[in-house]
Amino acid sequence: MPRKLGLILIMGVLLVSACSPTTPTPTQAPTDAVTQEPAEPTSDTAEETETGPIAEGETMPCSTVYEYETTAETEQYQQVADQLPPVTDDDWTTGNPDAPVTIVEYADFQCPACANFSLYIEALLDAFPTAFKVVFRHLPLSSIHDKAYISSMAAEAAGAQGSFWEMHDILYQKQSEWSGFTVDEFIEWVTFEAEALALDIDQFTADLNDEDLRADLEAVTEERLALGVHYTPFVVVDGRIFRENNPDLFSLIGIYEFGGYEECPPWVIDPNGDYTAVLDTSAGEIEIELFADVAPIAVNSFVFLSQNGWFDEVYFHRVVQEFVAQAGDPSGFGVIGPGYTFVNETDNDLSFDSAGVLGMANAGVDTNGSQFFITLGPATDLDGGYTIFGEVADDSMAVLDEIAIRDPQTAVGFDSATIIYGVQIIEE
């Protein structure tokens, strides 16, 4: 069942910039959603699906979280990530020690992008407390941040008394407050914060100014810079560099937290067959004719996920009056997929020209996963950008009016949301 999330950060941009002596490195994670703005036509770029005869045991075409397009830049940073040392007991860690996903972050406390990323991590740990182990490693960029080292030393000094993560949070949460200070002003400020944490101030001060500890920190920083870790936050997820076009954390959450898939699904339909999906919802049953002949990949995925319970107890998390009712994310936040993506199937004459059209939500061309939507009115602006793979039966159209309106950006909880209890697939 969906968890409450105190921050809306995971619904939008994860990293808007990065701190680097050279160039910024923006990163954005996809969030499966349909837009009310006109979509860019994709029928010219999405090739017609040619399924042909399907051999027994053959899988449908898709890309998994472990299979993604690389660029020269991602390959370069992956080579850097491959050289980094493994996580040990000497690292600063938080989250679930036995989590299936490990996030290693190299960061600078004076870096604004790192402060933003810390909020994102906080949101992830709050929403999915068992999914992640988070590792923090220092990368003070003193060439651009005058208090990079002294702030790292402050965190280490607090850590010596068991309060590393408390100081970590203070430094990021109050970054705008201290970033403009002189070093002396910062020391006075952080000592006050250490007192508020009930730390031994004499010991804190001694550790803050420990020349040997400072020399060790400078040495390890130089080693990391020499390896090629030269921007912050430098993030590695399960050994893979976390950058644009790489596996996103939400796909990993889908796999580990919600029973998603590391491999492409098998073919479970006959593209020439007739299939009906019956959604058992709290608003009533919704019968949908599936278009296996024109969108076999989308229909196969939908049938496969339905048969394996992916849509059981899943809410319509986004419902916009006279536009769409969207579902398919078991977390309820509109960001989770099944661990794989597949291409758009839009090279046809179908249109979102009325209510009751079933489409695949996506985060861009060829990023379809598990999230789908049903139109609640004409939405022809979506034509060409989203796969149409079914249509609601006439007898079920009245049920669409009973689906509860819900804005995921402002809704708190799911008490009034319409839930899908399960999906039955009928082959005729």
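Remember, predicted model here, so these are calculated numbers, not experimental data.

1. Focus: the overall build of the chain
Of the regular secondary structure elements, the chain holds 11 helices and 16 strands. Taking contacts inside the chain between residues at least 6 apart in sequence as the whole, the part at least 24 apart equals 79%. Accessible surface computed for the chain: about 18800 Å², of which carbon and sulfur atoms make up 45%.

2. Digging into helix α4 (residues 164-173)
For α4, a buried count of 7 out of 10 residues is recorded, marking the element as mostly surrounded by other parts of the structure. Turning to α4, its buried residues are F164, W165, M167, H168, I170, L171 and Y172.

3. Brief notes about the confidence of the model for the chain
With 86% of its residues at a pLDDT of 70 or more, the chain shows a mean pLDDT of 88. Within the model, the stretch residues 1-16 combines pLDDT values under 50 with 60 contacts to residues more than four positions away or in other chains. In the model, residues 36-52 has pLDDT below 50 throughout and makes 30 contacts with residues more than four positions away in sequence or in other chains.

4. Re the packing of helix α3 (residues 148-159) against helix α7 (residues 201-208)
At a minimum axis distance of 8 Å, the contact between α3 and α7 shows a crossing angle of 140°. It follows from the interaxial angle that α3 and α7 lie oblique. In this structure, α3 meets α7 at a crossing whose hand is right-handed. Residue-level inspection shows I150, M153, A154, A157 and A158 of α3 in contact with α7, the latter providing F204, D207 and L208. Of the residues belonging to the contact of α3 with α7, the class tally is 7 nonpolar, no polar and 1 charged.

5. As for the pairing of strand β5 (residues 234-237)
Every second residue of β5 is oriented toward a common face, with F234 and V236 on one face and V235 and V237 on the other, all of them buried. Bridging between strand β3 (residues 101-107) and β5 involves 4 bridges; their strand directions are antiparallel. Directly across from Y106, in β5, lies its bridge partner F234. As paired elements, β5 and strand β6 (residues 240-241) share 2 bridges and run antiparallel to each other.

6. Structural notes on the pairing of strand β15 (residues 388-392)
Among the 5 residues of β15, 4 are classified as buried, and the element is accordingly described as predominantly covered. For strand β13 (residues 357-360) and β15, the ladder comprises 3 bridges, and the chain directions are antiparallel. Looking at the pairing, L358 lines up with G390 of β15.

7. Here's the deal with the packing of aromatic side chains
Under the counting rule described, the total for this entry stands at 25 aromatic pairs. Aromatic side chains Y315 and F414 sit 4.9 Å apart centroid to centroid with 25° between the ring planes, which places their arrangement in the stacked category. Here the residue Y315 occupies a position in strand β9 (residues 314-315), and F414 occupies one in the loop between α11 (397-400) and β16 (419-427), the gap between them amounting to 99 residues. Each member of the pair Y315 and F414 is classed as buried. Ring-pair connections join several aromatic residues into one group, and the members of that group are W92, F109, F136, F164, W165 and Y172.

8. Describing the side chain of T102
Its place among the elements puts T102 in strand β3. In this view, T102 contacts V87, K133, V135, V236, V237 and D238; residues no more than four positions away in its chain are not counted.

9. Here we look at helix α2 (residues 112-127)
Here α2 is 16 residues long and its end C-alpha atoms lie 23 Å apart, about the 22 Å a rise of 1.5 Å per residue gives. Of the positions making up α2, those classed as buried are A113, C114, A115, F117, S118, Y120, I121, A123, L124 and A127. As for α2, its buried residues are in contact with β3, β4 (132-138), α4, α5 (175-178), β5 and α9 (249-258).

10. Considerations on the pattern of salt bridges
Applying the stated rule across the entire model yields 4 salt bridges. Among the salt bridges present, the one from K147 reaches D146, with a minimum N-O distance of 2.8 Å. Accessibility expressed as a relative area gives 1% for K147, which makes it buried. Here E193 and K174 are joined by a salt bridge, their closest N and O atoms 3.0 Å apart. Taken together, the residues span a long stretch of sequence, with E193 in helix α6 (residues 183-196) and K174 in the loop between α4 and α5 at a distance of 19 residues. Classification of E193 as buried rests on a relative accessible area of 5%.

11. Considerations on the packing of α6 against α7
It is at 10 Å that the axes of α6 and α7 come closest, and there the two elements cross at 140°. Relative to α7, the element α6 is oriented oblique. Where α6 crosses over α7, the handedness of that crossing is right-handed. Residue-level inspection shows I187, V190, T191, A194 and E195 of α6 in contact with α7, the latter providing I201, F204 and L208.

12. Thoughts on the sheet that holds β5
The mixed open sheet is built from 5 strands, whose spatial order is β2-β4-β3-β5-β6. Whereas interior strands pair on both sides, the edge strands pair on one side only; in this sheet they are β2 (92-95) and β6. α4 rests against β2, β3 and β4 of the sheet, and its axis sits at about 70° to β4.

13. Overview of the environment of G260
One can find G260 in the loop between α9 and β7 (275-281). When the C-alpha positions of G260 and G337 are compared, they lie 7.7 Å apart, and in sequence the two are 77 residues distant. What G260 contacts, discounting residues up to four positions off in sequence, is G254, I255, W310 and P338.

14. Overview of unusual backbone geometry
Between T232 and P233 the backbone carries a cis peptide bond, its omega angle lying at -5°. Note that P233 resides in the loop between α8 (211-227) and β5. Unusually for a residue other than glycine, D238 sits at a positive phi of about 50°. With a phi angle near 60°, E313 is a residue other than glycine that sits in the positive phi range. Counting through the fold element by element, E313 comes out in the loop between α10 (296-307) and β9.

Rules used throughout
Residues numbered from 1 in each chain as written. Predicted model: local features only at pLDDT ≥ 70, side-chain atom pairs only at ≥ 80, totals over all residues. Heavy atoms only, no water. Helix = DSSP H or I, 4+ residues; strand = E, 2+ residues; numbered from the N terminus. Contact = heavy atoms within 4.5 Å. Areas by Shrake-Rupley, 256 points an atom, 1.4 Å probe, with all protein chains shown as cover. Buried < 20%, exposed > 50% of the residue type's maximum accessible area, 1.4 Å probe, protein only. pLDDT = per-residue confidence, 0-100. Axes fitted to C-alpha atoms, helices over the stretch in contact; angles between N-to-C directions. Parallel < 35°, antiparallel > 145°, perpendicular 65-115°, else oblique. Left-handed = near helix turned anticlockwise from the far one by under 90°. Nonpolar A, V, L, I, M, F, W, Y, C, P; charged D, E, K, R; others polar. Pairing = 2+ DSSP bridges. Phe/Tyr/Trp six-rings, centres within 6.5 Å; stacked < 30°, edge-to-face > 60°. Expected span 1.5 Å × (residues − 1). Salt bridge = Lys/Arg side-chain N within 4 Å of Asp/Glu carboxyl O.

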